[in-house]
Amino acid sequence: MAEFTVQLKAVLKENLYCRECGEWVYTPEMNGTCKNEQGQEVECIGEGCVKKDAKGEFMECPGCSSRYYIND
């Protein structure tokens, strides 16, 4: 299983395909809304699409289980 880092802004705007196997991982059409620290509604990664471990939050490729850790 490979590990990569992706920028949150890029994930919210562009399709994410796995760098290892080419499988589709995430699309902006799956985006949801959430509240930021100031209480404003902002675009965020859709509910249930992010997992968490000791290294941080990530999305997982359904094809090869590569992990895409999210940087703000």
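Scroll up to find the structure.
Keep in mind that what you see is a predicted model, and the values were worked out from it rather than measured.

### Observations concerning the nonpolar core
1) Next: With 14 residues, the main nonpolar core has L16, V25, Y26, I45, M59 and Y68 as its most contacted residues.
2) Next: When residues of this core are traced back to their parent elements, those giving at least two are β1 (3–7), α1 (8–13), β3 (24–26) and β8 (67–71).
3) Next: In contact with Y68, not counting residues within four places along its chain, are F4, V6, L16, Y17, C18, R19, E20, V25, E57, F58, M59 and C61.

### A closer look at the sheet that holds β1
1) Next: On the basis of which strands lie adjacent, the open sheet formed by four strands has the order β1-β8-β7-β6 and mixed pairing. Of all the strands in the sheet, just β1 and β6 (51–53) have a single pairing partner and so form its edges. Recorded for the sheet is a direction-independent mean angle of 40 degrees between the axes of neighbouring strands.
2) Next: Judged from the three bridges that link them, β6 and strand β7 (residues 56–60) form a sheet pairing that is antiparallel. Its bridge partner being in β7, D53 is matched across the sheet by G56.

### As for the layout of surface pockets
1) Next: Size it by volume and the largest pocket reaches roughly 340 Å³.
2) Next: If you trace the largest pocket, you find 13 residues lining it, with L8, C34, C44, E57 and D72 closest to the centre.
3) Next: Within the residue set of the lining of the largest pocket, elements represented by two or more residues are β4 (32–35) and β5 (41–44).
4) Next: A per-element tally of the lining of the largest pocket places β5 first, with three residues.
5) Next: Its residues assigned to classes, the lining of the largest pocket shows seven nonpolar, one polar and five charged.

### Brief notes about the side chain of S66
1) Next: With respect to the helices and strands, S66 occurs in the loop between β7 and β8.
2) Next: Taking the relative accessible area as the measure of exposure, S66 reaches 1% and is therefore buried.
3) Next: When neighbours within four sequence positions are excluded, S66 is seen to be in contact with M1, A2, F4, C18, E20, M59, E60 and C61.

Definitions and cut-offs
Residues numbered from 1 in each chain as written. Predicted model: local features only at pLDDT ≥ 70, side-chain atom pairs only at ≥ 80, totals over all residues. Heavy atoms only, no water. Core = buried A, V, L, I, M, F, W, Y, C linked by side-chain atoms within 4.5 Å. Buried < 20%, exposed > 50% of the residue type's maximum accessible area, 1.4 Å probe, protein only. Helix = DSSP H or I, 4+ residues; strand = E, 2+ residues; numbered from the N terminus. Contact = heavy atoms within 4.5 Å. Pairing = 2+ DSSP bridges. Axes fitted to C-alpha atoms, helices over the stretch in contact; angles between N-to-C directions. 1 Å grid on protein atoms, 1.4 Å probe; cavity = no way out; pocket = protein on both sides within 12 Å on 5 of 7 lines; lining within 4 Å. Points joined across faces, edges and corners; volume = space filled by probe spheres on them. Nonpolar A, V, L, I, M, F, W, Y, C, P; charged D, E, K, R; others polar.

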